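These are the residues of each chain, in order.
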Amino acid sequence: QVQFQESGPGLVKPSQTLSLTCTVSDASISSGDYYWNWIRQPAGKGLEWIGRIHTSGSTEYNPSLRSRLTISVDASKNQFSLNLSSVTAADTAVYYCARAYIGSWRYGMGVWGQGTTVIVSS
Amino acid sequence: DIQMTQSPSSVSASVGDRVTITCRASQDIGRWLVWYQQKPGKAPNRLIFEASGLEGGVPSRFIGSGSGTAFSLTISSLQPEDFATYYCQQADSFPLTFGGGTKVEI
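An account of the accompanying structure is given in this report. (Residues numbered from 1 in each chain as written. Chains lettered and ligands numbered in written order. Predicted model: local features only at pLDDT ≥ 70, side-chain atom pairs only at ≥ 80, totals over all residues. Heavy atoms only, no water.)

Some words on the interface of chain A and chain B
How big an interface is tends to be stated in terms of the accessible area lost upon association of its parts.
Part 1: In this assembly, 20 residues from chain A lie in contact with 19 residues from chain B.
Part 2: Together, the buried faces of chain A and chain B total about 1,800 Å²; carbon and sulfur atoms form 64% of this surface.
Part 3: A per-residue breakdown of the area chain A buries against chain B is headed by L47, R106 and Y107 of chain A, which together make up 38% of the total.
Part 4: Run the count over chain A and chain B and you get zero salt bridges.
Part 5: Connecting chain A to chain B are 11 residue pairs in polar contact (both at pLDDT 80 or more).
Part 6: The set of elements that each furnish at least two residues to the side of chain A that touches chain B consists of β4 (34-41) and β5 (48-54) of chain A.
Part 7: If you tally residues by element for the side of chain A that touches chain B, the top one is β5 of chain A, at three residues.
Part 8: Looking at the side of chain A that touches chain B, its residues break down into nine nonpolar, six polar and five charged. (Contact = heavy atoms within 4.5 Å. Buried area = accessible area lost by both parts, 1.4 Å probe. Salt bridge = Lys/Arg side-chain N within 4 Å of Asp/Glu carboxyl O. Polar contact = N/O pair within 3.5 Å; in protein donor to acceptor, adjacent residues only side chain to side chain. Helix = DSSP H or I, 4+ residues; strand = E, 2+ residues; numbered from the N terminus. Nonpolar A, V, L, I, M, F, W, Y, C, P; charged D, E, K, R; others polar.)

Read these as geometric descriptors, not functional statements.
What follows is the structure, given as structure tokens:
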């Protein structure tokens, strides 16, 4: 069964870059069958879609984050990554990776990672 | 951006109750509406896609309906494992956006 594991620093200083990786197990990112998404959730609050990438490199970003955001894929490592620059306390959240089938991406995200907590603080 | 508004933000109910959660979109999204369930400390879990399509393995007591701008999720007979927070998400256009959530409490 496919699994995702988010990883990265749990603590990031303000103005620095937040970097997270999602490692995919028991499925190949190279298949091209899915969009790979990032979503975040501040503690006690709702969900915010950050953006997505396809193995081809095509991306969609949330305009509210676009100027600070880069999502990339490394098929050789079966991973995709998120880089968010110039972070502030408002970027403190649980960050999830998730996938949506390319043929039915409008059906939402069917598989999610467990999430990783990132705190922005000096 | 399309704004998704859920109501109520929380609801208190008992086992066996029928519970309905509503989700309103700020513009017509057709039937591109997804419902998720999230339990504390866990990732969301997709329940319903395309407004009324039941995800495999999800009990039939979860019923989605609606189109355009008005949608609802009904739990026909609440079970102990259903106490959770529910989110709607529009999949009509970017950026994908979620409702604020509805917490179903005992």
